Protein chains: 2
Amino acid sequence: MARRKSLAASSCPVARAVDIVGDRWALLIVRDAFDGVRRFGEFQENLGIARNILTDRLRLLVAADVFEVVPASDGSAYQEYVLTRKGEALFSVIVMLRQWGEAHLFARGEKHSQLIDRASGKPVPKLGVRRANGAVLTPAGTFVKKVPAPSPDSK
Amino acid sequence: MARRKSLAASSCPVARAVDIVGDRWALLIVRDAFDGVRRFGEFQENLGIARNILTDRLRLLVAADVFEVVPASDGSAYQEYVLTRKGEALFSVIVMLRQWGEAHLFARGEKHSQLIDRASGKPVPKLGVRRANGAVLTPAGTFVKKVPAPSPDSK
């Protein structure tokens with residue numbers, strides 16, 4: 001895959017986020033990490049991904065401070081890929097993708113995996129964008145306030 | 001870009017979602033649509049995307065029922081790309097990407113665009129995964145319950 005223009009300098013937080021995780025493999029690697037996967041070979045087997053692509057994506061995710069590389073937890077010679085605090089914060093993104101998929105990409109009655117709250121044994125409740133007062137917020141109820149462009153004579 | 005193995009038949013809702021929107025351009029096109037963009041030329045100009053790639057991504061998003069094509073709202077000969085109800089439901093995904101970006105991809109004091117609640121004029125509150133009782137839920141507090149594999153002698 002040709003490397004594309006980076007969005008890392010954009011003033012839009014969505015663009016910067018997408019620059020790092022706007023990739024099917026990156027998102028599936030992060031999903032698997034939440035599911036307990038830590039080793040190269042496990043990611044490769046779970047995802048059915050080519051070795052060179054997995055190497056590339058893990059390298060980018062480590063460079064972006066989403067994963068860190070640590071010695072194997074069992075004392076063996078393996079390396080393990082562990083989510084950083086920044087990587088763990090992608091949990092909400094993965095949960096929203098899951099909830100969108102559950103609501104819109106399965107036929108009625110078709111079975112899908114479920115994200116369960118260990119404490120209650122029940123599925124994790126649906127998330128949604130809400131106002132400060134708790135009311136549901138639709139896209140039309142919002143607007144994006146852009147960063148003003150610097151004036152031409154500012155240094 | 002070579003077409004890759006589809007995840008559309010996966011029993012994991014994250015995988016099915018990623019199959020459709022696990023792509024930087026797809027996510028940025030959806031972001032722009034929430035920002036009011038409707039026309040091919042506007043997407044192209046905003047995103048600085050090659051014409052053939054934009055054509056491909058819009059075609060896939062229409063095929064996935066994320067966008068529908070409608071006649072121009074001003075009666076001109078243009079076509080417009082409008083989010084379906086399923087597409088509008090990606091709002092939470094885009095907002096979560098924004099909030100992750102805001103929290104982790106900007107230096108302290110660095111300016112970024114903000115998502116504002118029109119009614120209050122204030123930034124949209126931070127979302128997070130929560131238990132039914134409102135407590136914050138961390139990845140470790142959850143597990144994924146998989147769909148059992150069909151038994152070998154089931155038809």
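Predicted, not measured: the structure shown is a model, and the values here were computed from it.

Reading the values: rules and limits
- Residues numbered from 1 in each chain as written.
- Chains lettered and ligands numbered in written order.
- Predicted model: local features only at pLDDT ≥ 70, side-chain atom pairs only at ≥ 80, totals over all residues.
- Heavy atoms only, no water.
- Phe/Tyr/Trp six-rings, centres within 6.5 Å; stacked < 30°, edge-to-face > 60°.
- Helix = DSSP H or I, 4+ residues; strand = E, 2+ residues; numbered from the N terminus.
- Buried < 20%, exposed > 50% of the residue type's maximum accessible area, 1.4 Å probe, protein only.
- Lys NZ or Arg CZ within 6 Å of the ring centre and 35° of its normal.
- pLDDT = per-residue confidence, 0-100.
- Contact = heavy atoms within 4.5 Å.
- Buried area = accessible area lost by both parts, 1.4 Å probe.
- Salt bridge = Lys/Arg side-chain N within 4 Å of Asp/Glu carboxyl O.
- Nonpolar A, V, L, I, M, F, W, Y, C, P; charged D, E, K, R; others polar.
- Core = buried A, V, L, I, M, F, W, Y, C linked by side-chain atoms within 4.5 Å.
- Domains from an automatic or database assignment.

### A few points about the packing of aromatic side chains
Here is step 1: Taken as a whole, this structure holds four aromatic pairs over all chains when the rule is applied.
Here is step 2: Ring centres 6.3 Å apart and planes at 85° place the aromatic pair F43 of chain A and F67 of chain A in the edge-to-face group. One end of the pair, F43 of chain A, is in helix α3 (residues 40-47); the other, F67 of chain A, is in strand β1 (residues 67-71), with 24 residues separating them in the sequence.
Here is step 3: Judged by its relative accessible area of 0%, F43 of chain A is buried.
Here is step 4: The side chain of R16 of chain A reaches across the aromatic face of F106 of chain B, ending 3.7 Å from its centre.

### Describing the confidence of the model for chain A
Here is step 1: Residues with a pLDDT of 70 or more make up 93% of chain A, whose mean pLDDT is 92.
Here is step 2: Across the assembled chains, the prediction reports ipTM 0.92 with pTM 0.92.

### A word on the interface of chain B and chain A
Here is step 1: Tallying the contact residues gives 71 residues for chain B and 72 residues for chain A.
Here is step 2: Taking both sides of the interface into account, the surface hidden between chain B and chain A amounts to around 6,900 Å²; carbon and sulfur atoms contribute 68%.
Here is step 3: When the area that chain B buries against chain A is broken down by residue, the three leading residues are P13, R24 and W100 of chain B, summing to 11%.
Here is step 4: Applying the counting criterion to the chain B and chain A interface returns eight salt bridges.
Here is step 5: A salt bridge links R131 of chain B to D117 of chain A; the shortest N-O distance between them is 2.8 Å.
Here is step 6: Taken together, the elements giving at least two residues each to the side of chain B that touches chain A come down to α1 (13-21), α2 (24-34), α5 (85-88), α6 (91-104), β3 (114-117) and β4 (142-145) of chain B.
Here is step 7: With 12 residues, the single largest contributor to the side of chain B that touches chain A is α6 of chain B.
Here is step 8: Grouping the constituent residues of the side of chain B that touches chain A by class yields 38 nonpolar, 13 polar and 20 charged.

### A word on the pattern of salt bridges
Here is step 1: Applying the stated criterion across every chain, the model contains 24 salt bridges over all chains.
Here is step 2: Among the salt bridges present, the one from R24 of chain A reaches D19 of chain B, with a minimum N-O distance of 3.1 Å. With R24 of chain A in helix α2 (residues 24-34) and D19 of chain B in helix α1, this residue pair bridges two chains.
Here is step 3: Relative accessible area serves as the criterion here: at 13%, D19 of chain B is assigned to the buried category.
Here is step 4: Where R59 of chain B meets D56 of chain B, a salt bridge forms, and the shortest distance between an N and an O atom there is 3.0 Å. Here the residue R59 of chain B and the residue D56 of chain B both occupy positions in helix α4 (residues 51-63), the gap between them amounting to three residues, near one helical turn.
Here is step 5: Note on D56 of chain B: relative accessible area 17%, which makes it buried.
Here is step 6: Members of the salt-bridge network, linked through shared partners, are D23, D56, R57 and R59 of chain A.

### Quick look at α1 of chain B
Here is step 1: Of all the nine residues making up α1 of chain B, eight are buried; the element is thus mostly covered by neighbouring parts of the structure.
Here is step 2: Looking at the buried residues of α1 of chain B, the elements they touch are α2 and α6 (91-104) of chain A together with α2 of chain B.

### Regarding the nonpolar core
Here is step 1: In this structure, V66 and F67 of chain A together with V66 and F67 of chain B are the most contacted members of the largest nonpolar core, which totals 86 residues.
Here is step 2: With residues up to four places along the chain from it excluded, the contact list for V66 of chain A reads I20, V30, L61, V82, L83, T84, G87 and L90 of chain A together with W100 of chain B.

### Some points on the domain arrangement of chain A
Residues and elements named next belong to chain A.
Here is step 1: Annotation of chain A at the domain level lists domain 1 (13-88) and domain 2 (90-131).
Here is step 2: Computed from C-alpha atoms alone, the centre-to-centre distance between domain 1 and domain 2 is 22 Å.
Here is step 3: Across the contact, nine residues belong to domain 1 and four residues belong to domain 2.
Here is step 4: Counting each side, the surface lost to burial between domain 1 and domain 2 is near 520 Å², with a carbon and sulfur contribution of 83%.

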